[in-house]
Each structure stands twice: as structure tokens, then as C-alpha cells.
Amino acid sequence: PGAPWGLPLDETTLPQILKEYNYSTHMVGKWHLGFYKWAYTPVYRGFDDFLGMYLGSQDYFNHDRNNGLDLRSHRFNEKGEFEEKIRWDLNGQYSPEYYSQRAMDIIRSHDKSRDKPFFLYLAYQNAHSPSQVAQHYIDKYSSHFRYQDEQIFAGMVSSMDEGIGNITAAIR
């Protein structure tokens with residue numbers, strides 16, 4: 001973490017191309033493509049806004065990685081100024097659930113009356129270590145699987161599937 005690497009800056013990303021065609025571009029979830037300089041972060045690589053983490057293997061509830069919070073949102077405001085917010089307010093919330101909620105908020109707030117398409121990149125951290133899931137998902141699989149690690153994994157996949165279903169419904 002923090003090593004001087006990232007997706008080379010001379011590589012053009014899909015959101016950078018889509019911006020040329022008047023798309024609004026949004027990213028939610030795990031970036032994992034470099035962050036040691038601002039130029040490597042999502043809003044400098046073509047996204048209008050970002051909610052998520054730079055690395056992988058964060059705690060799904062307190063969003064900690066190596067004794068530090070890795071959960072933030074970025075955007076450029078109306079004046080073109082960069083804004084970053086460390087998301088302490090999401091402590092204790094299960095990340096796939098608020099990632100799904102953020103994606104649905106983006107979809108619902110998109111102005112369909114304007115002739116401006118949007119691109120949403122959603123990168124869940126499921127089912128990546130650490131193996132963590134909200135208790136109600138473990139309970140759902142307690143009678144299907146004998147071992148708790150199997151219940152947790154099934155719950156992690158189920159929570160992501162539920163989120164995708166909710167996002168699909170928001171699109172309709």
C-alpha cells in the first residue's frame with residue numbers, strides 16, 4: 001500500500017473517452033489502480049465523482065486497512081475545485097449495502113430530460129477477504145451450510161446479488 005505505482009498516466013481510461021461524448025461518469029467501490037499521487041485517483045482518471053476505497057482487503061464495516069480508514073468520496077465542485085471527504089459517517093455500515101445505495105442514488109438523480117448519457121462503474125469488494133457479512137445474511141444460510149465460513153461466503157455473494165437486483169430495478 002502506498003507504493004509508487006498505478007495505471008500508467010498515458011493509458012486512457014473508458015470514462016476519459018466517454019467524457020469526450022458528453023457522458024457523466026461515476027465510480028463506486030474498489031479503485032485499486034493507484035493513489036500515490038492525485039493524478040492516479042478516479043476523478044483525475046475521468047470520473048466525475050467517486051465513493052469508495054483505494055485498496056482491497058478493507059474491513060467491510062469499519063473500512064480499516066492497516067490501521068487507517070480507506071473510505072472516501074471525491075468530486076470537483078461547481079467551481080472546478082477538487083473536494084475530498086473522508087467518510088467517517090459510514091463507519092459501522094456494511095459496504096456493499098451503501099455502495100448499492102449510492103449507485104441507486106446516481107441512477108435516480110440522473111436527469112433523463114437532458115440528452116446526456118451516464119456511465120456508472122460499480123466495483124464491489126465482495127467476495128474478497130476479509131470474509132465478513134451482515135448477520136442477517138449468515139442467518140439466511142445457517143440451515144443450508146454446516147460451517148460458518150460457508151454461510152459467510154454465501155451471504156457475501158447473496159448481498160452482492162441483492163444489490164445488483166436493486167440497482168437493476170432502479171434502472172427500470
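Residues numbered from 1 in each chain as written. Predicted model: local features only at pLDDT ≥ 70, side-chain atom pairs only at ≥ 80, totals over all residues. Heavy atoms only, no water.

> I keep staring at the sheet that holds strand E4 (residues 82-86) and nothing clicks. Help me out?
By way of backbone hydrogen bonds, the strands of a sheet pair with one another, either parallel or antiparallel. Reading across from one edge, E4-E3-E2-E1-E5 is the order of the five strands in this open sheet, with mixed pairing throughout. Each edge of the sheet is formed by a strand with only one pairing partner; in this case those strands are E4 and strand E5 (118-123). Neighbour-to-neighbour, the strand axes of this sheet turn through a mean angle of 10°, independent of strand direction. As judged from the four bridges shared by strand E2 (residues 49-53) and strand E3 (residues 72-76), these two strands associate in the antiparallel manner. From the neighbouring strand, Asp49 faces E3, where its bridge partner is Arg75. (Pairing = 2+ DSSP bridges. Helix = DSSP H or I, 4+ residues; strand = E, 2+ residues; numbered from the N terminus. Axes fitted to C-alpha atoms, helices over the stretch in contact; angles between N-to-C directions.)

> I tried to follow the packing of helix H2 (residues 95-109) against helix H4 (residues 148-171) on my own but got confused; where do I start?
Between two packed helices, both the angle of their axes relative to each other and the distance between the axes serve to describe the pair. Contact geometry of H2 with H4 gives a least axis separation of 9 Å together with a crossing angle of 10°. Comparing their axes, H4 and H2 come out roughly parallel. Here Pro96, Ser100, Ala103, Met104, Ile107 and Arg108 of H2 lie close against H4, whose contacting residues are Ser159, Gly163, Asn166, Ile167, Ala170 and Ile171. Considering only residue class, the contact of H2 with H4 consists of seven nonpolar, four polar and one charged. (Parallel < 35°, antiparallel > 145°, perpendicular 65-115°, else oblique. Contact = heavy atoms within 4.5 Å. Nonpolar A, V, L, I, M, F, W, Y, C, P; charged D, E, K, R; others polar.)

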